[in-house]
Amino acid sequence: MSSQIKKFVFFITCVFTACIQTAFAQNANLKPIKLDKNTYALIGSIGPRTYENYGLNANFGVVDTPDGAILIDSGASPQGAAILEKEVKILTGKKVRWVINTGSQDHRWLGNDYFAKQGAEIITLKRTVITQSSLGLGQITSVQTVLKERADGTTPLTSPKALDTDFAKLNLGGVNLEIRYLNHAHFAGDAIVYFPSSGILFSGDHIYIGRLLGILPQSDATKWLDAFNQIEAIKPKIIVPGHGLVTNIKVAKAQTGDYLSFIVSGVKKYADDMAGVENAVKGLSNAPQFEKLANFNELHKGNISRAYLRLESQ
């Protein structure tokens, strides 16, 4: 082999390796899982939003239809949305035709504008849109702090034709699905996406696996527990949680349902006795059955406090 050919081969190898490394770096925290012949989960990190993961620290869904792809949740920025678009193209070979939002946290919907500009239809329940509209600008500020220039151009676009119902049955590209609002959970207006023929359910932030869920000031633990119980009654065969590995209802109950029940029943007892938030935190802080979940030490006491304060104010 001549020296020129060797140099050319070396150059091509370097370019190929660089492309692979770049693609891997951009998608390092998204693991595609095939759920059935045309449905996929993209599993993100259970850690925090970071510059490196483009804020894609959540799970997303992809459905291949003859008329284009369905994407469940759109990422936290145009740059994150572009990564999701590439993943969809790899999995299906098709453009994103429809985007469904399951919630109002940044990585669920701040990529909407990117996909709308590509011609995708944004599908969201009206309840979800109301919360998105109230939080959008504040979420962009928060995302920009972490993602820096990787959040440039982020625009809070809500669905222009929001579904004014709590239970929508749709057929998209020949695929039947349901979008359901159950109750006020992680955020007001959170929804699930369910495929009756396969029993696959995308829970959004109703369910966390492998890490502790976060009860925020916007959350309502009591109603969240009711929403979880409704998911349990659906009896899904496969659950794609908002965060964590693909799972089943038994594991989801142990890590999300039982934790919510522990919090709700526990804080109710202290609130009924008017014992105060400090005593509630002290009395409920020991929960060994949940200690192995990631983020337990960082989130558990705050979860108790916020659940107690909301219950006390009602």
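As a reminder, the structure under discussion sits directly above these lines.
On a predicted model such as this, the values are computed, not experimentally measured, just so you know.

**Some remarks on the pattern of salt bridges**
Move 1: Taken as a whole, this structure holds 10 salt bridges when the rule is applied.
Move 2: K117 is the salt-bridge partner of D113, the closest N and O atoms lying 3.1 Å from each other. Of this pair, D113 and K117 are both found in helix α4 (residues 112-117), 4 residues apart, which corresponds to roughly one turn of the helix.
Move 3: When the shortest N-O distance is used, the salt bridge between D258 and K253 registers 3.4 Å.
Move 4: A single salt-bridge network, built from bridges that share partners, covers D73, R108 and D205.

**Focus: the sheet that holds strand β8 (residues 175-181)**
Move 1: Strand order in this open sheet of 5 strands is β7-β8-β9-β10-β11, and the pairing throughout is mixed. Only two strands of the sheet have a single neighbouring strand rather than two, namely β7 (167-172) and β11 (238-243). Neighbouring strand axes in the sheet, compared pairwise and without regard to direction, differ in orientation by 25° on average.
Move 2: By the bridge criterion, 3 bridges tie strand β9 (residues 191-195) to strand β10 (residues 200-208) in an arrangement that is antiparallel. Bridging across to β10, Y194 finds its partner in L201.
Move 3: Sheet strands touched by helix α7 (residues 249-272): β10 and β11. Its angle to β10, the strand with the most contacts, is close to 10°.

**Considering the pairing of β7**
Move 1: Side chains of β7 alternate between two faces, with A168, L170 and L172 buried and F167, K169 and N171 left unburied.
Move 2: As defined by bridge partners, β7 adjoins β8 across 6 bridges and the pair is classed as antiparallel. Paired with F167 across the bridge in β8 is R180.
Move 3: Here β7 folds back onto β8, and the loop between the two strands holds 2 residues, one of which, G173, carries a positive phi near 60°.

**Some points on unusual backbone geometry**
Move 1: The backbone of Y54 shows a phi angle near 55°, a positive value even though the residue is not glycine.
Move 2: Residue Y54 is classed as buried on the basis of its relative accessible area of 8%.
Move 3: Although it is not a glycine, D73 sits at a positive phi angle of roughly 75°.
Move 4: Along the chain, D73 falls in the loop between β4 (68-72) and α2 (78-92).
Move 5: Given a relative accessible area of 1%, D73 falls into the buried group.

**Considering the packing of helix α6 (residues 221-234) against α7**
Move 1: At their nearest, the axes of α6 and α7 sit 9 Å apart, and the two run at 155° to each other. Our classification of the angle between α6 and α7 gives roughly antiparallel. Our pair here, α6 against α7, has a crossing hand that is left-handed. On α7, the residues that touch A221, T222, W224, L225, F228, I231 and E232 of α6 are I249, A252, K253, T256, G257, L260, S261, I263 and V264.
Move 2: Partitioning the contact of α6 with α7 into residue classes produces 10 nonpolar, 4 polar and 2 charged.

**Let's talk about α2**
Within an α-helix, residues lying three or four positions from one another point in the same direction, as the helix has 3.6 residues per turn.
Move 1: Look at α2: 21 Å from first C-alpha to last across 15 residues, which is about the 21 Å you get at 1.5 Å a residue.
Move 2: All buried positions along α2 are accounted for by P78, G80, A81, A82, I83, L84, E87, V88, L91 and T92.
Move 3: Immediately beyond the C-terminal end of α2, within one or two residues, lies G93, with a positive phi of roughly 75°.

**Here's the deal with the sheet that holds strand β5 (residues 96-100)**
Move 1: The 6 strands lie next to each other as β1-β2-β3-β4-β5-β6, forming an open sheet whose pairing is mixed. Looking along the sheet, the strands with just one partner apiece sit at the ends: β1 (31-36) and β6 (121-123). The average angle at which neighbouring strand axes cross in this sheet is 20°, direction not considered.
Move 2: Examined bridge by bridge, strand β2 (residues 39-43) and strand β3 (residues 60-65) share 4 bridges and lie antiparallel to one another. Of the residues in β3, the one forming a bridge with L42 is F60.
Move 3: The strands touched by α2 are β1, β2, β3, β4 and β5; relative to β3, the strand with the most contacts, the crossing angle is about 40°.

**Quick look at the environment of L309**
Move 1: By secondary structure assignment, the location of L309 is in helix α9 (residues 296-313).
Move 2: Spatially, the C-alpha atom of L309 lies 7.0 Å from that of V277, the residues being 32 residues apart in sequence.

How each quantity is defined
- Residues numbered from 1 in each chain as written.
- Predicted model: local features only at pLDDT ≥ 70, side-chain atom pairs only at ≥ 80, totals over all residues.
- Heavy atoms only, no water.
- Salt bridge = Lys/Arg side-chain N within 4 Å of Asp/Glu carboxyl O.
- Helix = DSSP H or I, 4+ residues; strand = E, 2+ residues; numbered from the N terminus.
- Pairing = 2+ DSSP bridges.
- Axes fitted to C-alpha atoms, helices over the stretch in contact; angles between N-to-C directions.
- Contact = heavy atoms within 4.5 Å.
- Buried < 20%, exposed > 50% of the residue type's maximum accessible area, 1.4 Å probe, protein only.
- Parallel < 35°, antiparallel > 145°, perpendicular 65-115°, else oblique.
- Left-handed = near helix turned anticlockwise from the far one by under 90°.
- Nonpolar A, V, L, I, M, F, W, Y, C, P; charged D, E, K, R; others polar.
- Expected span 1.5 Å × (residues − 1).

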